[in-house]
Amino acid sequence: MAEALKPGDARKILLMVLDGMGDRPVKELGSKTPLQYAAKRAMDKFASEGTCGIMDTIGRGIRPGSDTAHLALLGYNPYEVYTGRGPFEALGIGMDVRAGDVAFRCNFATVDTRMVVTDRRAGRIREGTDELGRSLDGMEIDGVKILFKPAVEHRAVLILRGKGLCAKVTDADPHSEGQKVHESNPSVNNNATDFKDAEFTAKVLNKFVLESYKALNAHLVNKERTKNGELPANIILPRGAGMAPHIPKISDRYGMKSSCVAGISLVKGICRYVGMEIPDVKGATGGTDTDLGAKMKAVLRELDKNDFVLLNIKALDIFGHDGDAKGKAAYIGKIDRQLKFLFSNIGENVVVALTADHSTPVSVRDHSGDPVPLAICGPHVRKDVIIKYDEVSCASGALGRIRGMDLLPVMLDLANRSEKYGA
Ligand code: ZN
Ligand code: ZN
């Protein structure tokens, strides 16, 4: 940064989210967590120069999803803005989701001629769903636009876009085999204000399910499957309706220009939804093969252009789900070497937080409610006595134990961007 910093100047904010980094002690690692076990001098130095704490991304003992956790880290109350998995699954597979859309998680399934579900996963279909999906995407039913996109294996997402829609409808998916496809109905009683919208939405959904049977049952892909002795994926079973929420944009809420450097489409989708820019970073895959160096360089570039940058690195979560303690610890070391480069190039006008969106303990192989470590550094940020960056050391830091949705307000304050409450 060229010009000298003056007291009270607004700083930039960098929020680094190492996905699923938090863990529990692992026997294989001498009863240390992967973070305690890893070689991580840059992280320890960072912790020793700033203020530390631990964080419950959603709340104490709550196991966060990456979607709800990132909403909280962006300052939103997940209990207000998270309207179910549908819209966020849609964001996660890169669909263009708009406020007011009603989204459903779906399965490709198999039904017989009586519309009885014989396989809820269409024989765990792996191939051909893109072609099948194309025959449904872009349809229009009673003035409602149908957006349909297959995800992995038998999964897919359906979006209804149009006027007079409501997410308070029951599932068409009967959730078990041997049952007829359910008719969707309003899940509110008939004197509720949104009953008419729910009734209309259920009607559109039922027509879509029927249309899906007509289009898919006759589809070439299914004729081939049947010929090969495989089950036809001849119907779509939607469930879990959710309305894409109206969320105030980061720029409107905080007056900050912001961007997100991430590989996984779920995080990119959420950040795009709240108005952040999503630069294309070559080599950022969202996997363990991601180009960390390219991401660090992208962060530096984005910090030049924006007030707020979020970085997500996904790999540690994957090692957690795989139960690979040594791999997780080794990858922490790999990230640490890149952080050394980042920290020495970042300039002095940035308030930086290093944390995780949740713990993914290798002993659980899934997300847990264990709080995550947090350290914040920047100009005039208080320095506490913590000199190691890990789940246990940070717990004794000056920040104490905070909630995920309080992190951004804390950083805004440290960056001199917070509005005064009162006179
Ligand atoms: Zn996550
Ligand atoms: Zn995960």
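This structure is a prediction, so every number in the text was calculated from the model and none was measured.

What counts and how
Residues numbered from 1 in each chain as written. Chains lettered and ligands numbered in written order. Predicted model: local features only at pLDDT ≥ 70, side-chain atom pairs only at ≥ 80, totals over all residues. Heavy atoms only, no water. Helix = DSSP H or I, 4+ residues; strand = E, 2+ residues; numbered from the N terminus. Expected span 1.5 Å × (residues − 1). Buried < 20%, exposed > 50% of the residue type's maximum accessible area, 1.4 Å probe, protein only. Contact = heavy atoms within 4.5 Å. Polar contact = N/O pair within 3.5 Å; in protein donor to acceptor, adjacent residues only side chain to side chain. Pairing = 2+ DSSP bridges. Salt bridge = Lys/Arg side-chain N within 4 Å of Asp/Glu carboxyl O. Core = buried A, V, L, I, M, F, W, Y, C linked by side-chain atoms within 4.5 Å. Domains from an automatic or database assignment. Donors = N, O, S within 2.8 Å, 3.2 Å for Na, K, Ca; no water. Tetrahedral: all angles 85-135°; square planar, octahedral: opposite > 155°, others 65-115°.

A. The arrangement of helix α11 (residues 292–305) in detail. The terminal C-alpha atoms of α11 lie 20 Å apart, and with 14 residues this matches the ideal 20 Å at 1.5 Å per residue to within 8%. Here α11 lies mainly inside the structure; 10 of its 14 residues are buried. Buried residues belonging to α11 abut β1 (12–18), β9 (258–261), β10 (308–313), α13 (325–345) and β11 (350–355). Looking at where α11 begins, the residue whose side-chain oxygen comes 3.2 Å from the main-chain nitrogen of G293 is D291.

B. Summary view of the pairing of β11. In terms of burial, β11 is largely enclosed, as 6 of its 6 residues are buried. Here β11 shows a buried face lined by V350, V352 and L354 and a second buried face lined by V351, A353 and T355. Inspection of the sheet shows β1 paired to β11 by 6 bridges, in the parallel sense. When the bridges of β11 are listed, I13 appears paired with V351. Here β11 runs beside strand β12 (residues 372–377); their pairing, made up of 3 bridges, is antiparallel. Note that in β12 the partner of V352 across the bridge is C377.

C. Geometry of the pattern of salt bridges. As enumerated under the stated definition, the model contains 27 salt bridges in all. When the shortest N-O distance is used, the salt bridge between R98 and D96 registers 3.1 Å. Salt-bridge contacts for R114 lead to D112; the nearest nitrogen and oxygen are separated by 2.8 Å. Overlapping salt bridges bring together D96, R98, D101 and R161 as one network.

D. Region of the structure containing the side chain of N234. As for its placement among the helices and strands, N234 is situated in the loop between α8 (220–227) and β8 (235–243). Judged by its relative accessible area of 2%, N234 is buried. If sequence neighbours within four positions are ignored, N234 has contacts with A109, T110, V111, S212, Y213, L216, N217 and N222.

E. Broad picture of the nonpolar core. In terms of nonpolar packing, the biggest core is built from 89 residues, with L14 and L74 touching the most fellow members. A per-element tally of this core places α11 first, with 7 residues. Two domains each provide a minimum of three residues to this core, namely domain 1 (12–80 + 248–414) and domain 2 (88–242). Leaving out residues up to four positions away in the same chain, L14 has contacts with V299, L303, V309, L342, I346, V350, V351, V352, A353 and M411. Membership of the second largest hydrophobic core comes to 42 residues, among which are A109, A167, A172 and V188.

F. Summary view of the coordination of the zinc ion (ligand 2). Protein-derived coordination of the zinc ion (ligand 2) comes from D317 (OD), D317 (OD), H321 (NE2) and H367 (NE2), at a distance range of 2.0 to 2.5 Å. Between the 4 donor atoms coordinating the zinc ion (ligand 2), the angles at the centre fall across 55 to 142°, so the site counts as irregular. As a motif over one chain, the donors of the zinc ion (ligand 2) read D-x3-H-x45-H. Between the zinc ion (ligand 2) and the zinc ion (ligand 1), the interatomic distance is 4.7 Å. In this pair, H321 sits in helix α12 (residues 315–322) while H367 sits in the loop between β11 and β12, placing the two residues 46 residues apart along the sequence.

Interpretation in functional terms is not warranted from these geometric data alone.
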